[in-house]
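The residues making up each chain are set out below.
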Amino acid sequence: SPAPPTPTSAPPPTQGPVLPSSSTSSYVELYDYSDSQQGVDLDNSAGPHEMAYNEYDSNDPFPGHAIGQLGGRGTSWADVGTSAPSYETCSAINSWNPGIFIVKGHYYCYHTDQLNYGYLRVDRLEQVGTGGSELSPWVLGISFTTWLP
């Protein structure tokens, strides 16, 4: 007699990228970290600050405005130009920097110490007042969005 047919099962569903379920957004203004000791928590989790701003310093051999990870907490950045990036754009980046020079109007993807992706836009970068480490201190205004699981 013929053998019974072999039972077949449906193929397992393919797992697409896991998209974040929510996000947090904020706007903050920062002054040079060495003078202000100001940082920002990009996850808005009431955790430690992950990012600091370092203003233009004419005494530096490579002067420019920069953002960098604070306290070696592992946050890193990539410049993505003048358009707001998607989650897919930021999560696909494979070359990250612990510190990066910034330009007004540019967007920067970041990967936080809590393994969340996000992006910030440099909205304000201007000289204000006098004193500080430079003759004219600067203020950095950023708007940022972090995608959360």
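Residues numbered from 1 in each chain as written. Predicted model: local features only at pLDDT ≥ 70, side-chain atom pairs only at ≥ 80, totals over all residues. Heavy atoms only, no water.

Engineer: Explain the side chain of Asn116 to me, please; I cannot follow it from the model alone.
Structural biologist: Here Asn116 is to be found in the loop between strand E6 (107–111) and strand E7 (117–127). A relative accessible area of 9% places Asn116 in the buried class. Separated by 2.8 Å, the side chains of Asn116 and Asp43 make a polar contact. Other than its neighbours up to four places away in sequence, Asn116 contacts Asp43, Tyr110, His111, Thr146, Trp147, Leu148 and Pro149. (Helix = DSSP H or I, 4+ residues; strand = E, 2+ residues; numbered from the N terminus. Buried < 20%, exposed > 50% of the residue type's maximum accessible area, 1.4 Å probe, protein only. Polar contact = N/O pair within 3.5 Å; in protein donor to acceptor, adjacent residues only side chain to side chain. Contact = heavy atoms within 4.5 Å.)

Engineer: How should the state of the cysteines be read in this particular structure?
Structural biologist: Formally, a disulfide is one covalent bond, and it connects the sulfur atom of one cysteine to the sulfur atom of another. Summed over the entire model, instances satisfying the criterion amount to 1 disulfide. The disulfide that involves Cys90 links it to Cys109, with 2.0 Å between the sulfurs. Since a negative S-S torsion denotes a left-handed disulfide, the Cys90-Cys109 link at about -70 degrees is left-handed. Here Cys90, found in helix H2 (residues 87–91), pairs with Cys109, found in strand E6; they are 19 residues apart in sequence, far enough to count as distant. (Disulfide = S-S within 2.5 Å.)

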